[in-house]
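Inside the fold
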Amino acid sequence: MPRAVTPSKPMRKPTHPFPDKRILLGILLLLGCLSLRSQNGDAQTAVPVVPERMDFCGMHLGLSTALRGKIQQNVNRLYAGKEYFRKMCERVGMYMPYVEAAFEWVGVPDDLKYICILESALIGDAISSSNAVGYWQFKEPAAREAGLRIDELVDDRRHIFLASVGAARYFWRLNKD
């Protein structure tokens, strides 16, 4: 029987930390996936170029030439592995609607959804060398703090919607006063 999940509190207008280059890389990866899905299966996907400016969580960001160069190198590597990239795009199409629903429900900025692509490549049974588990790579104490169930029968870190609600709660707590 599914458990009810409720957000901690209503979300206030947040202030956001500057995103690191991994988040920006995730944004570009998702954009590439969306363009791939809109093309037929045989079409080549053009590697996106890192822009000079972009909006993220309501902030207008200017990216330095050096930062854009570092991000572009990562983007180029991701697109070079065509089979890996294709599978990643399939997972984005399958799982991102659940992440978006969880974030909307808790009330955190939609742009933060890209972090799970970078944390786990949207692989639910991913386990890091430090024992972080699941889509959002929660360690056990942080997962429990975010309201996720972990016991001998259930590990919510491997459930895309529940883990995303936990991640949204975590982001919400980071932004509260």
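Up top is the structure these notes are about.
These lines cover the structure that appears in this document, whether it is placed above or below. Note that the coordinates shown come from a computational prediction; the quantities given were computed from them, not determined experimentally. (Residues numbered from 1 in each chain as written. Predicted model: local features only at pLDDT ≥ 70, side-chain atom pairs only at ≥ 80, totals over all residues. Heavy atoms only, no water.)

1. Some remarks on the overall build of the protein chain
When its secondary structure is counted, the protein chain shows 6 helices and 2 strands. Along the protein chain, from the amino end to the carboxyl end, the secondary structure elements read α-β-β-α-α-α-α-α. A total of 177 residues make up the protein chain; the buried ones form 44% of that total. A sequence separation of at least 24 residues applies to 63% of the contacts in the protein chain between residues at least 6 apart. A total accessible area of about 10,100 Å² is found for the protein chain, and carbon and sulfur atoms account for 55% of it. (Helix = DSSP H or I, 4+ residues; strand = E, 2+ residues; numbered from the N terminus. Buried < 20%, exposed > 50% of the residue type's maximum accessible area, 1.4 Å probe, protein only. Contact = heavy atoms within 4.5 Å. Areas by Shrake-Rupley, 256 points an atom, 1.4 Å probe, with all protein chains shown as cover.)

2. Some remarks on the packing of aromatic side chains
Using the criterion set out here, one finds 7 aromatic pairs in the structure. Aromatic side chains Tyr79 and Phe85 sit 4.2 Å apart centroid to centroid with 35° between the ring planes, which places their arrangement in the tilted category. In this structure Phe85 comes out as buried when scored by relative accessible area, which is 5%. Ring geometry for Phe103 and Trp136: centres 5.6 Å apart, planes at 25°, overall stacked. Pair noted here: Phe103 is in helix 3 (residues 82–106) and Trp136 is in the loop between helix 4 (115–120) and helix 5 (140–145), with a separation of 33 residues, a long-range link. (Phe/Tyr/Trp six-rings, centres within 6.5 Å; stacked < 30°, edge-to-face > 60°.)

3. A short note on the pattern of salt bridges
Taken as a whole and assessed by the stated rule, the structure comprises 9 salt bridges. For the salt bridge of Asp110 with Lys113, the shortest nitrogen-to-oxygen distance reads 2.9 Å. A relative accessible area of 35% places Asp110 in the partly exposed class. Note on Lys113: relative accessible area 5%, which makes it buried. Several salt bridges converge on common partners, so that one network encompasses Glu83, Arg86 and Glu90. (Salt bridge = Lys/Arg side-chain N within 4 Å of Asp/Glu carboxyl O.)

4. Things to note about the pairing of strand 1 (residues 53–56)
Along strand 1, the buried face is formed by Met54 and Phe56; none of Arg53 and Asp55, which line the opposite face, is buried. With antiparallel pairing between neighbouring strands as the criterion, strand 1 and strand 2 (residues 59–62) make up a hairpin whose turn holds 2 residues, including Cys57 at a positive phi of roughly 50°. (Pairing = 2+ DSSP bridges.)

5. Brief notes about the environment of Ser164
Here Ser164 lies in helix 6 (residues 160–175). Overall, the relative accessible area of 0% leaves Ser164 in the buried class. For the pair Ser164 and Phe103, spaced 61 residues apart in sequence, the C-alpha separation works out to 7.1 Å. Not counting chain neighbours up to four residues away, the residues in contact with Ser164 comprise Val99, Ala102, Phe103, Trp136 and His159.

6. A look at helix 6
Between its first and last C-alpha atoms helix 6 spans 23 Å; for 16 residues at 1.5 Å apiece the expected length is 22 Å, and the two agree. Burial within helix 6 is extensive, with 12 of its 16 residues counted as buried. Buried within helix 6 are the following residues: Ile160, Leu162, Ala163, Ser164, Val165, Gly166, Ala167, Ala168, Arg169, Phe171, Trp172 and Asn175. Close packing links the buried residues of helix 6 with helix 3 and helix 4. (Expected span 1.5 Å × (residues − 1).)

7. Looking at unusual backbone geometry
One non-glycine residue, Leu122, lies in the positive phi region at around 55°. Mapped onto the secondary structure, Leu122 falls in the loop between helix 4 and helix 5. Despite not being glycine, Asn131 has its phi angle at roughly 70°, a positive value. Assessed through its relative accessible area of 54%, Asn131 is described here as exposed.

8. Concerning the pairing of strand 2
Only one face of strand 2 is covered, namely the face carrying Met59 and Leu61; the face carrying His60 and Gly62 is uncovered. As paired elements, strand 1 and strand 2 share 4 bridges and run antiparallel to each other. Considered in strand 2, the bridge of Met54 is made with Leu61.

Treat this as a map of the structure, not an account of what it does.
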